[in-house]
Amino acid sequence: MSIDRIKPDLIPFLETYLPNTEEVAQTNKPFVTLTYAQSIDARISLGPGIRTTISDIETKVMTHYLRYHHDGILIGSGTVLADDPCLNCKWHKDDTDTNFAANSPTPIILDTHQKWKFKDSKMYHLFKKTEGKSPIVVVHNKPIVEEQDVKYLVIEDGNDKKIDWKILLQKLYEKYNIKSIMVEGGAYVINDLLLRPDIVDSLIVTIGSTYLGSGGVQVSPRSATSLTDVDWWKGKKDSIMAARLSSEQI
Ligand SMILES: NC(=O)C1=CN([C@@H]2O[C@H](COP(=O)(O)OP(=O)(O)OC[C@H]3O[C@@H](n4cnc5c(N)ncnc54)[C@H](O)[C@@H]3O)[C@@H](O)[C@H]2O)C=CC1
Ligand SMILES: Nc1nc(O)c(N)c(N[C@@H]2O[C@H](COP(=O)(O)O)[C@@H](O)[C@H]2O)n1
């Protein structure tokens, strides 16, 4: 169940980008880390609906280390349907730290049109084995039939049918005490949040040493945006960029 040790130099590298509890206490808003793995040609999968491994083991361990440090892990419906992800945390501090469910973030699924089923998903089986938590599913309307163990967070749609990030974060904080969230994708969610320095506190991107080609799902926001506090870590195959979104226009 557990995963490799993290490369020791990644720990100080990530330190200032991890959730900042003082900031959370001051702002009363969850700390948001936007994180994903992309190819050199800025693709996050080989094509829509295709689960694609980009991260090498060194950087995959880093993702689990990040999961350990967040209360919630959020993905869009495109990702949950394509990947059937586990979203649990397999990293642990030492041999005594083996409560994998407690160490795992709560999965938060943006599934406003209720297309995904928890039952029989990988997340479900991990929850049953006490190796992961059960999800919060964000919907526009209360489902007629509710799945067992799923918490539904009903948020009415805004003018453009999208959920307002600020309202969503506030509700997750107030209702479920979620003080830090890592957003893992997919492209729709990432492209939207890359333009939201008011929402995103840290950006952590793994760049894998691969090209996925022009048919791949691309990460590229609607308009130009710049970064600040940029730092790089270089591994055996992948690199990691840690940064913050700048509120200044290019
Ligand atoms: N390499 C990586 O790190 C990652 C890769 N992926 C890949 O990305 C692909 C999926 O990406 P997408 O199709 O873009 O899906 P997505 O996961 O971004 O989901 C998009 C859907 O989520 C919902 N949604 C998102 N934001 C919303 C909002 N503000 N209000 C209401 N609903 C909202 C909508 O239903 C929307 O159609 C898959 O191929 C997956 O394998 C996904 C995550 C990480
Ligand atoms: N860090 C990272 N590297 C990759 O190569 C990836 N494809 C992803 N994808 C994200 O991780 C989720 C899968 O998680 P599990 O391993 O099943 O727990 C997937 O849904 C994407 O959000 N991430």
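Per an unreviewed UniProt entry, the chain goes by 2,5-diamino-6-ribosylamino-4(3H)-pyrimidinone 5'-phosphate reductase and derives from Maudiozyma exigua. In its Subunit (unreviewed entry) section, UniProt records this for the chain: "Homodimer." Quoted verbatim from the Function (unreviewed entry) field of the UniProt record, the comment on the chain reads "Catalyzes an early step in riboflavin biosynthesis, the NADPH-dependent reduction of the ribose side chain of 2,5-diamino-6-ribosylamino-4(3H)-pyrimidinone 5'-phosphate, yielding 2,5-diamino-6-ribitylamino-4(3H)-pyrimidinone 5'-phosphate."

Caption draft 1: Quick look at the site of ligand 2. Taken together, 16 residues lie around ligand 2, and Thr52, Ile54, Ser55, Arg67 and Cys86 are the ones closest in. For ligand 2, the accessible surface in isolation is 510 Å², of which the surrounding protein chains cover 90%. According to the grid-proximity analysis, the pocket containing ligand 2 is the largest pocket. For the shell around ligand 2, the secondary structure elements donating two or more residues are α3 (57-68) and α4 (77-83). Among the elements that line the shell around ligand 2, the one with the most residues is α3, at 3 residues. For the shell around ligand 2, a count of residues per class yields 6 nonpolar, 5 polar and 5 charged.

Caption draft 2: Spatial organisation of unusual backbone geometry. A cis amide bond links glycine 185 with the next residue in sequence, glycine 186, at an omega value of 0°. Assignment of secondary structure puts glycine 186 in the loop between β7 (180-185) and α8 (187-193). We note that alanine 42 has phi near 55°; this positive angle belongs to a residue other than glycine. Position of alanine 42 relative to the elements: it lies in the loop between β1 (31-38) and β2 (43-45).

Caption draft 3: Inspection of the packing of aromatic side chains at higher detail. Inspection of the entire model under this criterion finds 6 aromatic pairs. Considering the side-chain rings of tryptophan 116 and phenylalanine 118, the 6.1 Å spacing of their centres and the 55° angle between planes classify their relative orientation as tilted. Exposure remark for tryptophan 116: the relative accessible area of 9% places this residue in the buried category. Overall, the relative accessible area of 1% leaves phenylalanine 118 in the buried class.

Caption draft 4: Structural view of a nonpolar patch on the surface. Residues Leu227, Val230 and Trp232 make up a contiguous nonpolar surface patch of about 280 Å² in total accessible area. Within the secondary structure layout, tryptophan 232 lies in strand β10 (residues 227-234).

Caption draft 5: Spotlight on the site of ligand 1. Ala37, Thr79, Asp83, Ile163 and Glu184 are the nearest of the 24 residues found near ligand 1. At a separation of 3.1 Å, an oxygen atom of ligand 1 approaches a polar backbone atom of glycine 78. The separation between an oxygen atom of ligand 1 and a polar main-chain atom of tyrosine 188 is 2.9 Å. Starting from 870 Å² of accessible surface for ligand 1 in isolation, the protein chains cover 84%. A majority-of-atoms criterion places ligand 1 in the largest pocket. Where the shell around ligand 1 is concerned, the elements lending two or more residues are β1, β2, α4, β7 and α8. Broken down by element, the residue count for the shell around ligand 1 peaks at 5 residues, all from α4. Grouping the constituent residues of the shell around ligand 1 by class yields 11 nonpolar, 10 polar and 3 charged.

Conventions we followed
Residues numbered from 1 in each chain as written. Chains lettered and ligands numbered in written order. Predicted model: local features only at pLDDT ≥ 70, side-chain atom pairs only at ≥ 80, totals over all residues. Heavy atoms only, no water. UniProt positions renumbered as here; feature names shortened; annotations may be inferred. Near = heavy atom within 4 Å. Areas by Shrake-Rupley, 256 points an atom, 1.4 Å probe, with all protein chains shown as cover. 1 Å grid on protein atoms, 1.4 Å probe; cavity = no way out; pocket = protein on both sides within 12 Å on 5 of 7 lines; lining within 4 Å. Sits in = over half its atoms within 2 Å of the grid points. Helix = DSSP H or I, 4+ residues; strand = E, 2+ residues; numbered from the N terminus. Nonpolar A, V, L, I, M, F, W, Y, C, P; charged D, E, K, R; others polar. Phe/Tyr/Trp six-rings, centres within 6.5 Å; stacked < 30°, edge-to-face > 60°. Buried < 20%, exposed > 50% of the residue type's maximum accessible area, 1.4 Å probe, protein only. Patch = residues over 30% accessible without salt bridge, like charges linked within 9 Å, V, L, I, M, F, W, Y side chains within 5 Å. Salt bridge = Lys/Arg side-chain N within 4 Å of Asp/Glu carboxyl O. Polar contact = N/O pair within 3.5 Å; in protein donor to acceptor, adjacent residues only side chain to side chain.

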